[in-house]
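Residue strings, one per chain:
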Amino acid sequence: MTKVLLVGVGLIGGSVALSMKKQQDIVIAGYDIHTSNLEMAKSKGIIDEMVLDVQIEAERADLIILGTPVEQTIQFMEKLAEWDLKDQAIITDVGSTKWSIMKAAERLNESGKTFIGGHPMAGSHESGAVHARADLFRGARYVLTPSAETTVAQLEMLTKWLSDTEANFITMDAKEHDQVTGVISHLPHMIAASLVRQVEEHANKNNLVRQMAAGGFRDITRIASSSPVMWRDISRQNRETLLDLLEDWMKEMQQVKQLLEKSDQQELYTYFSDAKTFRDSICI
Ligand SMILES: NC(=O)C1=CN([C@@H]2O[C@H](COP(=O)(O)OP(=O)(O)OC[C@H]3O[C@@H](n4cnc5c(N)ncnc54)[C@H](O)[C@@H]3O)[C@@H](O)[C@H]2O)C=CC1
Ligand SMILES: O=C(O)C(=O)Cc1ccc(O)cc1
């Protein structure tokens, strides 16, 4: 029997747990700061047990999954470093950043514990286990960031436990992970949130703005409805990457402004046509 402890029973942790329940010999215990989340997750069959004393359960677990916002994840890792975990136990997380988390993992490694970072590249603007789905990660990339101390056997064990997510696993260096997710996920999030704020200013002056919103606005801004706690923490942990990317973004906007000022037909066409070609080549 494999004992799993899920810390942070939300959308992502809950979805990983639901997928793992396809394996017969797994018992999942859940811990969350909000007891009402645990009760709901138990009634939905996401977890088998509700945990009140998290240290006792952590010290019994074969696998510990951290499903909390990334700042909370680091704080919890500090506690785990002090606890007497099983020798073979593997700790993983689902956080959207990896460099700060792998840095915090050094303390765990020093105390002889095994931490392998994880990040499934699928999700939603909705939060909470109430939205968890066993098939959320089917076909999605699932990044694993092993440390220098991780053995092949440990990586295989974790991949086996997570295999019912039906995700495509890829191992990556934490720094590269944060650079790539900065480009494809964190910067787009900043742009969506800032666009919504700009639109709100106009909507406050003219109510027609709100009424004219259509599918294009919905598609480009859906993610602005995501958890502010989660995105506050991601922005702080991937701050350096985001600052560089925002410099690029401002240069790009300067270029767009110049294109409009010049108003050359061919140049404007090429700008949109190049964007379309690249966007059409990305399968999501
Ligand atoms: N939402 C998304 O689309 C994706 C999120 N992620 C990452 O997954 C993690 C979780 O995100 P979601 O599941 O969306 O958030 P969520 O808000 O649905 O779940 C987080 C859960 O953690 C609990 N929690 C917060 N602090 C805690 C603490 N100190 N101890 C115990 N429980 C605590 C909350 O009560 C909540 O139930 C984040 O690190 C996020 O960066 C990764 C991929 C996609
Ligand atoms: O809502 C969406 O479509 C997302 O893209 C969700 C998402 C949010 C954070 C991640 O680290 C990964 C995926």
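Source: prediction; values computed, not measured.

*Asks:* What is the right way to read the overall build of the chain from this model?
*Replies:* Scanning the chain from terminus to terminus reveals 12 helices and 8 strands. Overall, the C-alpha framework of the chain stretches about 65 × 40 × 30 Å when taken along its three principal axes. In the chain, buried positions account for 41% of the 284 residues. Looking at the chain as shown, the accessible area adds up to about 16,100 Å², and 53% of this sits on carbon and sulfur atoms. Positive and negative side-chain charges of the chain, numbering 30 and 40 respectively, have mean locations separated by a distance of 5 Å.

*Asks:* Sorry if this is basic, but what is going on with the pairing of strand 1 (residues 2–7) here?
*Replies:* Looking along a regular strand, one sees side chains alternate from face to face of the sheet. Taking burial as the measure, the 6 residues of strand 1 include 5 buried ones, the bulk of the element. Note: strand 1 against strand 2 (residues 26–31), 6 bridges, orientation parallel. Bridge pairing in strand 2 places T2 opposite I26. Taken together, strand 1, helix 1 (residues 11–20) and strand 2 constitute a β-α-β crossover, and its handedness is right-handed. Relative to strand 4 (residues 63–66), strand 1 runs parallel, the two being bridged by 4 bridges. Note on strand 4: the bridge partner recorded for L6 is I65.

*Asks:* So what exactly am I meant to see when it comes to the nonpolar core here?
*Replies:* When a protein is soluble and globular, its nonpolar side chains tend to lie buried together. In this structure, V9, V16, M20, I28, I46, L63 and I65 are the most contacted members of the largest nonpolar core, which totals 31 residues. Of all the secondary-structure elements, those providing two or more residues to this core are strand 1, helix 1, strand 2, helix 2 (35–43), strand 4, strand 7 (141–145) and helix 6 (152–161). Looking at this core, the element that brings in the most residues is helix 1, giving 6 residues. Other than its neighbours up to four places away in sequence, I28 contacts V4, L6, A17, M20, K21, I46, I47, D48 and E49. The next biggest cluster of nonpolar side chains, apart from the first, holds 27 residues, and it includes A29, L66, L85 and A174.

*Asks:* In this structure, what is going on with the site of ligand 2? I would like to understand it.
*Replies:* In the vicinity of ligand 2, the contacting residues are S96, H119, A122, G123, S124, H125, R222, I223, M230 and W231. Here ligand 2 loses 80% of its free accessible area of 340 Å² to cover by the protein chains. For the shell around ligand 2, a count of residues per class yields 4 nonpolar, 5 polar and 1 charged. Residues lining the shell around ligand 2 come from more than one domain, with at least three contributed by each of domain 1 (2–173) and domain 2 (177–281).

*Asks:* What's the story with the site of ligand 1 in this structure? I'm lost.
*Replies:* I12, D32, T68, S96 and G128 are the nearest of the 27 residues found near ligand 1. Within the backbone of G128, one N or O atom sits 2.6 Å away from an oxygen atom of ligand 1. Contributions of two or more residues to the shell around ligand 1 are made by helix 1, helix 4 (70–82), strand 6 (114–120) and helix 10 (228–237). Tallied by class, residues from the shell around ligand 1 come to 12 nonpolar, 14 polar and 1 charged.

Reading the values: rules and limits
Residues numbered from 1 in each chain as written. Chains lettered and ligands numbered in written order. Predicted model: local features only at pLDDT ≥ 70, side-chain atom pairs only at ≥ 80, totals over all residues. Heavy atoms only, no water. Helix = DSSP H or I, 4+ residues; strand = E, 2+ residues; numbered from the N terminus. Buried < 20%, exposed > 50% of the residue type's maximum accessible area, 1.4 Å probe, protein only. Areas by Shrake-Rupley, 256 points an atom, 1.4 Å probe, with all protein chains shown as cover. Lys, Arg positive; Asp, Glu negative; His and termini not counted. Charge placed at Lys NZ, Arg CZ, Asp CG, Glu CD. Pairing = 2+ DSSP bridges. Right-handed = clockwise from strand over helix to strand, strands pointing away. Core = buried A, V, L, I, M, F, W, Y, C linked by side-chain atoms within 4.5 Å. Contact = heavy atoms within 4.5 Å. Near = heavy atom within 4 Å. Nonpolar A, V, L, I, M, F, W, Y, C, P; charged D, E, K, R; others polar. Domains from an automatic or database assignment. Polar contact = N/O pair within 3.5 Å; in protein donor to acceptor, adjacent residues only side chain to side chain.

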